[in-house]
Amino acid sequence: MRHERQIELLDRLVGVDPNLPWTYGPTSMRNPASAYTDPARFAREKQVLFRDRPQLVGLSGECTTPGAYLTANLGGVPIVVVRQTDGSLRAMVNVCRHRGATLLEGRGTGGLRRIVCPYHAWTYNTDGQLVHRPAAAQGFDDVTVNCDLHQRAVAEKHGLIFVHPTSTEPFDVDTLLCGLGDDLADYGLADYVHVETRTNSWKMNWKMVLDTFTEAYHIRFLHKATIAPYFLCDLIFDAFGPHSRTIGLRKSVVEQIKDKPRSEWKLLPYSTTQYFLVPNALLVYQLDHIELWRLTPIDVNTVEVATSIFAPEPPKDAAALNHWTKNLDILLKVTETEDFQQMVRIQKNLESGALPELVYGRIEPALVHLHTAINAAVAESVR
Ligand code: FES
Ligand SMILES: [Fe+2]
């Protein structure tokens with residue numbers, strides 16, 4: 001993030017008490033519990049948010065050399081993204097055209113030359129063209145339909161890879177990012193190296209995961225022994241279309257503002273900057289690394305959460321790798337044992353029918369923004 005912008009954002013902290021919140025949105029919001037529990041509502045969200053628009057699949061650093069690939073489940077559609085020899089990307093439906101077997105699993109770091117179906121060995125080029133099927137001469141000689149893999153629209157910019165799971169219509173990443181592209185471009189995300197991804201499944205609605213990260217109101221209470229001693233109890237929040245940027249700050253930032261001339265203020269060394277890319281991703285910029293959370297909603301009360309860590313350069317030795325692995329351990333320990341445990345219980349409480357609605361306060365403006373955007377997209381779809 002460029003220096004002028006860091007200073008502009010820090011201007012909002014002038015005079016704040018590190019122990020009190022300072023940001024209040026224009027309105028509070030009530031959201032029915034059914035937004036988290038109703039299967040019909042979930043089905044609409046899946047269609048509108050996860051099937052009808054592009055989503056973040058990953059960072060360029062996960063898929064750099066020819067033949068590297070990433071797989072994803074986007075709104076239920078199995079997708080594979082493969083780096084081609086000319087450096088471009090192809091996104092395809094990750095399902096064999098013969099009888100529907102899954103072609104590739106997980107991720108590959110490069111060197112894939114052919115995609116071979118594990119079932120009957122139909123074989124495709126990395127661009128999806130069918131090049132071989134065993135016993136084709138008599139077995140399939142009367143099949144005239146083209147059996148190449150189905151293509152999907154893919155776009156890569158600022159080190160981010162997006163795929164539209166149900167369309168081949170080209171799209172523009174900056175349009176999708178609604179103004180966030182300018183901020184994200186500064187980080188040089190394309191140069192970050194994927195270190196590790198861990199995936200877990202949680203019995204909660206997918207939105208619960210985002211809710212966890214969207215406000216700092218809970219930090220003083222839920223995280224009183226872990227994060228609270230070091231962080232301010234509020235966030236700097238800005239909306240970009242449906243997306244948002246929230247910046248969590250170390251308490252030490254306030255001293256700097258008091259003691260240094262404005263031109264020397266710095267934001268990044270004191271902050272954790274979170275970008276919510278609706279619907280499925282949360283990208284977190286820390287001064288020395290990137291964290292990426294990817295959500296795959298499975299049903300109304302099950303979500304798969306993949307947490308990844310990216311380093312500015314490849315770990316040089318075991319100690320460097322251990323440093324990043326430990327980072328991921330700590331991140332997941334706090335989030336899973338403190339935040340997600342709480343969210344799983346909230347999900348159960350909502351499913352009991354005991355609570356008709358939730359209340360998001362003016363003290364939680366990013367939460368209000370997120371749900372306003374999601375509800376608007378869903379309402380639009382039923383009009
Ligand atoms: S399902 Fe892929 S070759 Fe038969
Ligand atoms: Fe938290």
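Use the structure listed above.
Given the structure is predicted, the values throughout are model-derived calculations rather than measurements.

Trainee: Describe the overall build of the protein, listing the residues and the values that go with them.
Mentor: Scanning the protein from N- to C-terminus turns up 11 helices and 20 strands. At 22 Å, the protein has a C-alpha radius of gyration in line with the 21 Å of a compact globule built from 383 residues. Projected onto its principal axes, the C-alpha positions of the protein cover 80 × 50 × 35 Å. Here the protein, with 383 residues, has 51% of them falling under the buried criterion.

Trainee: An account of the side chain of Lys207 is requested, with residue identities and associated values reported.
Mentor: With respect to the element layout, Lys207 can be found in helix α7 (residues 206-214). A polar contact of 2.5 Å, which involves the side chain of Lys207, links it to the backbone oxygen of Ala35. Every residue in contact with Lys207, bar those within four places of it in the chain, is listed here: Ala35, Tyr36, Arg41, Glu45, His371 and Ile374.

Trainee: Run through the pattern of salt bridges, naming residues and quoting values.
Mentor: The tally for this structure, following the rule as stated, stands at 19 salt bridges. Two residues, Arg245 and Asp238, come together in a salt bridge whose shortest N-O distance is 3.0 Å. We note that Arg245, like Asp238, is buried. Note that Lys316 is salt-bridged to Glu313, the shortest N-O span being 2.7 Å. Owing to a relative accessible area of 69%, Lys316 belongs among the exposed residues under this scheme. Linked by salt bridges that have partners in common, Arg2, Arg5, Arg12, Asp182, Asp183, Asp186, Asp238 and Arg245 make up one network.

Trainee: Tell me about the packing of aromatic side chains, and name the residues and values.
Mentor: Within the structure shown, the criterion is met by eight aromatic pairs. Both rings, one in Trp202 and one in Phe340, keep their centres 5.1 Å apart while their planes meet at 75°; by these two values the pair is edge-to-face. Note that Trp202 is positioned in strand β13 (residues 193-202) and Phe340 in helix α10 (residues 318-351), a separation of 138 residues in sequence. Phe340 shares its class with Trp202; the two are buried. Arranged with centres 6.1 Å apart and planes meeting at 70°, the rings of Trp293 and Phe340 form a pair that is edge-to-face. Of this pair, Trp293 sits in strand β18 (residues 289-299) while Phe340 sits in helix α10; the two residues are 47 residues apart in sequence, bridging distant segments of the chain. Owing to a relative accessible area of 1%, Phe340 belongs among the buried residues under this scheme. Above the ring of Tyr36, the side-chain terminus of Lys207 is found at 5.1 Å from the ring centroid.

Trainee: Explain unusual backbone geometry to me, using residue names and the numbers behind them.
Mentor: Glycine aside, a negative phi is what most residues show, and trans is what most peptide bonds show. In this chain, Val278 is followed by Pro279 through a cis amide linkage whose omega measures 15°. Along the polypeptide, Pro279 turns up in the loop between β16 (271-277) and β17 (281-286). Unusually for a residue other than glycine, Ala121 sits at a positive phi of about 65°. Relative to the assigned elements, Ala121 resides in the loop between β7 (114-116) and β8 (123-125). Judged by relative accessible area, which is 28%, Ala121 ranks as partly exposed. Here the phi dihedral of Ala135 falls at roughly 60°; this positive angle occurs in a residue that is not glycine. Residue classification places Ala135 among the exposed residues on the basis of a relative accessible area of 63%.

Trainee: So what about the packing of α7 against helix α11 (residues 365-382)? Which residues, and what values?
Mentor: Where α7 contacts α11, the axes come no closer than 9 Å and their chain directions differ by 150°. Considering the angle they form, α7 stands roughly antiparallel to α11. Judged by the twist between their axes, the crossing of α7 over α11 is right-handed. Within the contact between the two elements, α7 uses Trp206, Lys207, Leu210, Asp211 and Thr214 and α11 uses Ala366, Leu367, Leu370, His371 and Ile374. For the contact of α7 with α11, the class distribution of residues is six nonpolar, two polar and two charged.

Trainee: Go over the sheet that holds β8 with me, naming the residues and quoting the values.
Mentor: Reading across from one edge, β7-β8-β9 is the order of the three strands in this open sheet, with antiparallel pairing throughout. With partners counted over all chains shown, the strands left at the sheet margins are β7 and β9 (130-132), one partner each. Here the strands of the sheet are splayed against their neighbours by 35° on average, with no regard to which way each runs. Sheet topology places β8 next to β9; two bridges connect them, and they run antiparallel. Pairing of Thr123 across the sheet is with His132, part of β9.

The rules behind these values
Residues numbered from 1 in each chain as written. Chains lettered and ligands numbered in written order. Predicted model: local features only at pLDDT ≥ 70, side-chain atom pairs only at ≥ 80, totals over all residues. Heavy atoms only, no water. Helix = DSSP H or I, 4+ residues; strand = E, 2+ residues; numbered from the N terminus. Rg over C-alpha atoms; globule rule 2.2 N^0.38 Å. Buried < 20%, exposed > 50% of the residue type's maximum accessible area, 1.4 Å probe, protein only. Polar contact = N/O pair within 3.5 Å; in protein donor to acceptor, adjacent residues only side chain to side chain. Contact = heavy atoms within 4.5 Å. Salt bridge = Lys/Arg side-chain N within 4 Å of Asp/Glu carboxyl O. Phe/Tyr/Trp six-rings, centres within 6.5 Å; stacked < 30°, edge-to-face > 60°. Lys NZ or Arg CZ within 6 Å of the ring centre and 35° of its normal. Axes fitted to C-alpha atoms, helices over the stretch in contact; angles between N-to-C directions. Parallel < 35°, antiparallel > 145°, perpendicular 65-115°, else oblique. Left-handed = near helix turned anticlockwise from the far one by under 90°. Nonpolar A, V, L, I, M, F, W, Y, C, P; charged D, E, K, R; others polar. Pairing = 2+ DSSP bridges.

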